[in-house]
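Structural overview for review
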Amino acid sequence: QVSPSEATVGGITAIYNFGDSISDTGNLLREGDTGILRYTTGLPYGVTVGRPTGRCSDGFLMIDFLAKDLGLPLLNPYLDRRADFTHGVNFAVAGATALSTTALANRGITVPHTNSSLGVQLRWFKKFMSSTTYSPREIRKKLASSLVMLGEIGGNDYNYVFLQPRRTNGRYDPISNATRSAESLAHALSLVPEVVQSIADAAKEVLDMGATRMVIPGNFPIGCLPSYLSAATASSSTSPRDGDGCLVSFNVLARAHNERLRRAIGELRRSYPDAKVAYADYFAAYLEILGHAPRLGFEGGAALRRACCGAGGREYNFDNNRLCGAPGTTVCADPSRRPNWDGIHLTQHGYRVMTELLYRRGLACPAAVKLPRQKPCPPVS
């Protein structure tokens, strides 16, 4: 933890964060999970910082580095009832979705880990604001000096399409099955309008309450992640790849989400001209890591697509039935040399580099906060 600076960066005195495992700092740990994410609440998760914290990495996340860069303490999870929330709250829950579990169930999609979707997190936020202020006017004043991080969220809505168990044996080993089925990809693509609308609607509610600075991240290039690469290889070694060695079909899905989200953010900017609403380009930032790994402190070559912690060895070191921490999994010698931690989430160093690329190198625009040595954003319509 760090003490808040006397002179806050850009006048930001608090951060309110919504999302999933990319930014959860301990909510799922407190909810409890009996699925494969239960391994994220114990070692080797947290090994780089000396203990498990409920973060899905070997150490800290982008939200932690951003808080530090803003001179604020690390965000405490909302479900830690004894925590100090003076400088913000983290509502993110690992495994969370943009759409409600009911909406996804109506589409034939089971959510295995948590019911704390974006709508639930938004209700937590409103409850917190109401309980710590006396009026809507005071809420607006509070939000005027706050940064709202709305995501990343929505990735799990698509992931769960591919994580429906096989009918043949009921095992939780379905991505490889999905890569053989154009229907599953079409199903995921059909969710994009609803998922993006859910994010946009949540943004409108928070902006209507008085938020003036908001960051809405897009999706990662999921076709570059060891989890998807491993499954596709198991299914078919001929799955089309791009120049970065990533799966074309899954990145088409991520691009479709991101393009629609960009358009929705453009509409938000026009509707709320006095607010700064930034799009954080996680897709471009991760490709930057893959394209310039040695310069950014990572091993090059095949190590870029191999999980540091996992099972199975081979090209990707990922086994969907044995997530990092499960019996039989191992950890690489130096997590800081790998971008990917467990096949799904990044290492602490991966997240540190992502934070730098996004908030100092112009990949989160227009800049919602002013940081030292920050590259200017190009004009945004």
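For the structure given in this document, a descriptive report is provided here. (Residues numbered from 1 in each chain as written. Predicted model: local features only at pLDDT ≥ 70, side-chain atom pairs only at ≥ 80, totals over all residues. Heavy atoms only, no water.)

1. Brief notes about the sheet that holds strand β5 (residues 276-280)
Taken together, six strands build an open sheet; the order of strands is β2-β1-β3-β4-β5-β8 and the sheet is mixed. Two strands in the sheet have a free side with no partner beyond their single neighbour: β2 (88-90) and β8 (364-365). Bridge analysis of strand β1 (residues 14-18) against strand β3 (residues 146-150) gives five bridges, and the strand direction is parallel. Bridging from a neighbouring strand, Ile15 pairs with Leu147 of β3. Lying on the sheet, helix α5 (residues 136-144) is in contact with β1, β3 and β4 (213-217); it crosses β3 at an angle near 85 degrees. (Pairing = 2+ DSSP bridges. Helix = DSSP H or I, 4+ residues; strand = E, 2+ residues; numbered from the N terminus. Contact = heavy atoms within 4.5 Å. Axes fitted to C-alpha atoms, helices over the stretch in contact; angles between N-to-C directions.)

2. Quick word on the packing of helix α2 (residues 62-69) against helix α12 (residues 348-359)
Look at α2 against α12: their axes get within 8 Å of each other, and the N-to-C directions meet at 55 degrees. Comparing their axes, α12 and α2 come out oblique. α2 and α12 meet at a crossing whose hand is right-handed. Contact with α2, carried on its side by Met62, Phe65, Leu66 and Asp69, involves Gln348, Tyr351, Arg352, Met354, Thr355, Leu358 and Tyr359 of α12 and no other residues of that element. Class assignment of the residues belonging to the contact of α2 with α12 gives a composition of seven nonpolar, two polar and two charged. (Parallel < 35°, antiparallel > 145°, perpendicular 65-115°, else oblique. Left-handed = near helix turned anticlockwise from the far one by under 90°. Nonpolar A, V, L, I, M, F, W, Y, C, P; charged D, E, K, R; others polar.)

3. Points about the state of the cysteines
For the structure on display, the rule yields four disulfides. Between Cys224 and Cys246 runs a disulfide, and the two sulfur atoms are separated by 2.0 Å. Between Cys224 and Cys246, the disulfide has an S-S torsion of 105 degrees and is therefore right-handed. With Cys224 in the loop between β4 and α9 (226-235) and Cys246 in the loop between α9 and α10 (248-271), this pair connects stretches of sequence that are 22 residues apart. We classify Cys224 as buried; its relative accessible area is 0%. At a sulfur-sulfur separation of 2.0 Å, the disulfide partner of Cys308 is Cys332. As the torsion about the S-S bond is roughly -90 degrees, the Cys308-Cys332 disulfide counts as left-handed. (Disulfide = S-S within 2.5 Å. Buried < 20%, exposed > 50% of the residue type's maximum accessible area, 1.4 Å probe, protein only.)

4. Description of the packing of aromatic side chains
Applying the stated rule across the entire model yields 14 aromatic pairs. Taken together, a centroid distance of 6.2 Å and an interplanar angle of 50 degrees make the contact between Tyr16 and Phe128 tilted. Within this pair, whereas Tyr16 is found in strand β1, its partner Phe128 is found in helix α4 (residues 118-132), the two being separated by 112 residues in sequence. This pair shows no difference in class: Tyr16 is buried, exactly as Phe128 is. Here the aromatic rings of Tyr45 and Trp341 are separated by 5.8 Å at their centres, their planes lie at 80 degrees, and the arrangement is edge-to-face. On the criterion of sequence distance, the pair formed by Tyr45 in the loop between α1 (27-31) and α2 and Trp341 in the loop between β7 (330-331) and α12 is long-range, its members being 296 residues apart. (Phe/Tyr/Trp six-rings, centres within 6.5 Å; stacked < 30°, edge-to-face > 60°.)

Note that every value here comes from positions in space, so none of it alone points to a role or purpose.
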